[in-house]
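One letter stands for each residue in the lines below.
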Amino acid sequence: MNVLIVGGGPSGVSAGLWLLKKGIKPILFEKRTFPRDKLCGGLITPKGREELSLLNISYNHIAFEPPYINISDGADLNLRFKNDIGIQLIKREQFDDLLIDEYVKRGGILKENQEITDINTEKKYIINAQGQEYFYDVLVIGEGAGGRLRKRLNQTKLQNALCLEHKKKDEFSCDDEKSINVYFLDDKPGYAWRFENRDETVTGIGSLLDYTDLKNKFNNIFGEAGKLKGAFVPYGIQPSQSNIQDVYFVGDAGGYVNSLLGEGISYGIASGRALVDIIVNKDNSLDCVLRKNLRFYLSLRNLFFSKSLSKLNINLLKKYEEFAIFICKEFILRSDFSVYGYKKLLQHFWRYKIGR
Ligand SMILES: Cc1cc2nc3c(=O)[nH]c(=O)nc-3n(C[C@H](O)[C@H](O)[C@H](O)COP(=O)(O)OP(=O)(O)OC[C@H]3O[C@@H](n4cnc5c(N)ncnc54)[C@H](O)[C@@H]3O)c2cc1C
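Since the model is a prediction, treat every value here as computed from it, not as a measurement.

> Lay out the environment of R92 with the relevant residues and their values.
Along the chain, R92 turns up in helix α3 (residues 92–105). It is 6.2 Å that separates the C-alpha atoms of R92 and G42, two residues lying 50 residues apart in sequence. In contact with R92, other than residues within four places in its own chain, are P10, K38, C40, D97 and I265.

What follows is the structure, encoded as structure tokens:
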């Protein structure tokens, strides 16, 4: 089977690695050259670690686990707890380089500096910027948010949130005091973050706001930060597959992002695994579980940020702090919802009520 992949981010590479595992040697096209930077907070939940361990990839040597997590609404809600669930921070340049290295080491073909500019779905070929044509049996599109092929194929436009980010070298010197800080916006879905990595601090904000409003919010929370860089992330949509035969989406290109956290690294990697199961085994059950999981986060987001409920939610979280921390850890940061999770939540709530 001749499989072509467009995009060398976590989702495209994951699809490539899973294909190699199944004995298929794909060709991956990336418009840039590695190592290449990518605007990103670099937060990885345990879900990401699990996905990569299925691929026998360890990235612990390039990850940092800040000891604390703070979640706040920027005003009176302030939850602080120990990071005992293994939330990590990575730098995308290193992380993506490590993944692509593994892909090449395991036999994957990489064509760097090759932007795919067009596609012919009838004759089944793609065209790069130099005008060369490559034929496919199956095409995997992992071009990230707002890519050109999705548009070219007239697929439903995904709702993208604008994110602004600023990186600063080593703001806090003591690793023992470092934390992951999340500031939920109470009037719009989205949040701001300050992630204190080993030698750099990343501050950012993402929401369905325009540039000026977003920048003002960023400045209100963090103060003026100098130059802010911007990029999009799919936010608040159900992931969907293409309706074109033998053309598939992975990662941001298909909307595989947790709508509450904007977390896309782990889900991108998971979507690569799910897709290869569809291609090789004609089995979409993994993809269904993944979408169900993401649907849950979308409903959680709608519940949390709905205009009428957000103030009430914040007050409730303030009042039931222990329970709120449990929800943050188990449901939001572990980032992998299941029926088992629901049961655990109910049990915990029940115990908590009786305990009082
Ligand atoms: C500011 C910001 C902060 C974020 N923070 C986090 C976070 O902390 N944790 C988290 O989990 N997620 C975060 N995300 C989301 C995360 O970055 C994405 O979900 C993730 O990168 C998706 O991976 P992907 O492989 O689908 O796409 P990408 O990582 O975007 O990779 C797409 C690749 O395709 C290449 N490409 C695009 N078009 C073409 C073409 N036509 N031809 C050839 N190559 C092409 C690009 O150069 C790129 O290398 C953040 C996003 C933003 C914008």
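So that's the structure; there's more coming.
> Describe the site of the ligand, listing the residues and the values that go with them.
Residues in contact with the ligand amount to 37 residues; listed here are only the nearest, S11, E30, G41, L43 and D252. A distance of 2.6 Å separates an oxygen atom of the ligand from a polar side-chain atom of E30. For the ligand, whose unbound accessible area comes to 1000 Å², protein coverage reaches 95%. Sort the elements by how many residues they give to the shell around the ligand and strand β16 (residues 229–234) lands first, with three residues.

> Requested: an account of the nonpolar core, with residues and values cited.
Note that soluble globular proteins tend to have their nonpolar side chains buried in a common cluster. Core analysis: the largest hydrophobic core is formed by 45 residues, its most contacted members being I71 and I180. A per-element tally of this core places helix α9 (residues 321–333) first, with eight residues. Among all residues touching I71, those that are not within four sequence positions of it are L77, N78, L79, F81, V182, F184 and C328. Membership of the second largest hydrophobic core comes to 35 residues, among which are I44, L98, Y103 and V140.

> Could you give an account of helix α2 (residues 46–54), with specific residues and numbers?
Listed in full, the buried residues belonging to α2 are P46, K47, G48, E51 and L52. On the buried face of α2, the contacting elements are β3 (43–44), α3, α6 (265–281), α7 (285–305) and α9. Where α2 ends, the next residue or the one after it, N56, has phi of about 55°, a positive value.

Basis of the calculations
Residues numbered from 1 in each chain as written. Predicted model: local features only at pLDDT ≥ 70, side-chain atom pairs only at ≥ 80, totals over all residues. Heavy atoms only, no water. Helix = DSSP H or I, 4+ residues; strand = E, 2+ residues; numbered from the N terminus. Contact = heavy atoms within 4.5 Å. Near = heavy atom within 4 Å. Polar contact = N/O pair within 3.5 Å; in protein donor to acceptor, adjacent residues only side chain to side chain. Areas by Shrake-Rupley, 256 points an atom, 1.4 Å probe, with all protein chains shown as cover. Core = buried A, V, L, I, M, F, W, Y, C linked by side-chain atoms within 4.5 Å. Buried < 20%, exposed > 50% of the residue type's maximum accessible area, 1.4 Å probe, protein only.

Interpretation in functional terms is not warranted from these geometric data alone.
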